[in-house]
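Chain residues, written in single-letter form:
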Amino acid sequence: NIDTLNEKFEAEAFIEAEWFDTKFPADAQNYDVQVHWNPKLSVDNSIGELKDERYYTINRSSPANDGGHITEHRKIKGVFWEKLELHDFPFDVQDLTIKVTSDYLAEDIALKENFDRPSSINRRAFTAQQEWSLFEHVEVSHQFVVAGTYATVILQPIINRDDKRGMGNELL
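Residues numbered from 1 in each chain as written. Predicted model: local features only at pLDDT ≥ 70, side-chain atom pairs only at ≥ 80, totals over all residues. Heavy atoms only, no water.

Novice: Would you explain the overall build of the protein chain in this entry?
Specialist: Scanning the protein chain for helices and strands turns up one helix and nine strands. Reading the protein chain from its N terminus to its C terminus gives the helix and strand order β-β-β-β-β-β-β-β-β-α. Every one of the 172 residues in the protein chain was classed for burial, and the buried ones make up 34%. Taking contacts inside the protein chain between residues at least 6 apart in sequence as the whole, the part at least 24 apart equals 70%. When the accessible area of the protein chain is evaluated, it comes to approximately 11300 Å², of which 49% is carbon and sulfur surface. (Helix = DSSP H or I, 4+ residues; strand = E, 2+ residues; numbered from the N terminus. Buried < 20%, exposed > 50% of the residue type's maximum accessible area, 1.4 Å probe, protein only. Contact = heavy atoms within 4.5 Å. Areas by Shrake-Rupley, 256 points an atom, 1.4 Å probe, with all protein chains shown as cover.)

In structure tokens form, the structure reads like this:
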């Protein structure tokens, strides 16, 4: 659902974050967010309560040594704020932003896109197909980094209006 009047949209997203923890104990069987290091990610532009389900997996390069790749798998669902550009209505194209931020400063952590597993869209789950067309890719960018700001990555599925009725009304 995309609410152009109130500049918000509903979405469900699956986000993965991966990091290598050199201090993760070789004998640890489970990852505990209260005990082990993590990037402390949050979604900045959600409105109201965000449904947020997480689980973690561990991949060790060597079972005998400390250290391991930790992956946070996160499924979020909620309402997000987006400044919509309507000056080209009814031919407008919109970026629907999900803004993921770390509690760490940009100079202390680097959030990067995983090119081995690029971001994607489940177009069949898109429910606003009568009015909008969803592009197949997701734009991934980083917010302009200034010293003292938090590390942020921006995920942007892109849509364009496909409302023939709106176009017809404009031409009459």
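Novice: What exactly am I supposed to notice about a negative patch on the surface here?
Specialist: The grouping of Glu 85, Asp 88, Asp 95 and Glu 139 at the surface amounts to a negative patch. Note on placement: Glu 85 falls in the loop between strand E5 (68–81) and strand E6 (93–95). (Patch = residues over 30% accessible without salt bridge, like charges linked within 9 Å, V, L, I, M, F, W, Y side chains within 5 Å. Salt bridge = Lys/Arg side-chain N within 4 Å of Asp/Glu carboxyl O. Lys, Arg positive; Asp, Glu negative; His and termini not counted. Charge placed at Lys NZ, Arg CZ, Asp CG, Glu CD.)

Novice: Any chance you could explain the pattern of salt bridges here in plain terms?
Specialist: Opposite charge on two side chains makes pairing possible when the charged atoms of those side chains draw close. All chains considered together, the criterion is met by nine salt bridges. Here Glu 72 and Arg 54 are joined by a salt bridge, their closest N and O atoms 4.0 Å apart. Here the residue Glu 72 occupies a position in strand E5, and Arg 54 occupies one in strand E4 (residues 46–59), the gap between them amounting to 18 residues. The buried category is assigned to Glu 72, whose relative accessible area is 3%.

Novice: How should the sheet that holds strand E1 (residues 2–3) be read in this particular structure?
Specialist: Strands pair in a sheet through their backbones, by hydrogen bonds, and they do so in one of two ways: parallel or antiparallel. The strand order across the open sheet formed by four strands is E1-E2-E5-E4, and the pairing between neighbours is antiparallel. In this open sheet, the two edge strands, each paired with only one partner strand, are E1 and E4. Of the strand pairs in this sheet, E1 and strand E2 (residues 8–21) are connected by two bridges, and their pairing is antiparallel. Residue Ile 2 lies in a different strand from E2, and its bridge partner there is Phe 9. (Pairing = 2+ DSSP bridges.)

Novice: How should the confidence of the model for the protein chain be read in this particular structure?
Specialist: Segments scoring low in pLDDT should not have their predicted coordinates read at a detailed level. Overall, the prediction assigns the protein chain a mean pLDDT of 81, with 85% of residues at 70 or greater. Within the protein chain, the element-level pLDDT minimum falls on helix H1 (residues 164–171), averaging 48, and the maximum on E4, averaging 93. Counting contacts from residues 168–172, a segment whose pLDDT is below 50, to residues more than four positions away or on other chains yields two contacts. (pLDDT = per-residue confidence, 0-100.)

Novice: Sorry if this is basic, but what is going on with the nonpolar core here?
Specialist: Side chains that are nonpolar tend, in soluble globular proteins, to be buried together. Counting 31 residues, the largest nonpolar core has Ile 2, Ile 76, Phe 80, Ile 98, Val 100, Phe 126 and Ile 159 as the members making the most contacts within it. For this core, the secondary-structure elements that each account for two or more residues are E2, strand E3 (41–43), E5, strand E7 (98–105), strand E8 (132–142) and strand E9 (150–161). Take this core: its biggest share by element is five residues, from E2. Beyond its immediate chain neighbours, meaning those up to four positions away, Ile 98 contacts Phe 9, Ala 13, Val 43, Asn 45, Ile 76, Phe 80, Val 153, Ile 154 and Leu 155. (Core = buried A, V, L, I, M, F, W, Y, C linked by side-chain atoms within 4.5 Å.)

Novice: Please clarify how the environment of Lys 99 should be interpreted in this entry.
Specialist: Tracing the chain through its elements places Lys 99 in strand E7. In this structure, the C-alpha to C-alpha distance between Lys 99 and Ser 42, residues 57 residues apart in sequence, is 8.4 Å.

Novice: Hey, could you run me through the environment of Val 153 in this one?
Specialist: As for its position among the elements, Val 153 is in strand E9. Sequence separation between Val 153 and His 142 is 11 residues; the distance between their C-alpha atoms is 4.5 Å. If near-sequence neighbours (up to four positions away) are discounted, Val 153 is found in contact with Ile 98, Lys 99, Val 100, Leu 111, Val 140, Ser 141 and His 142.

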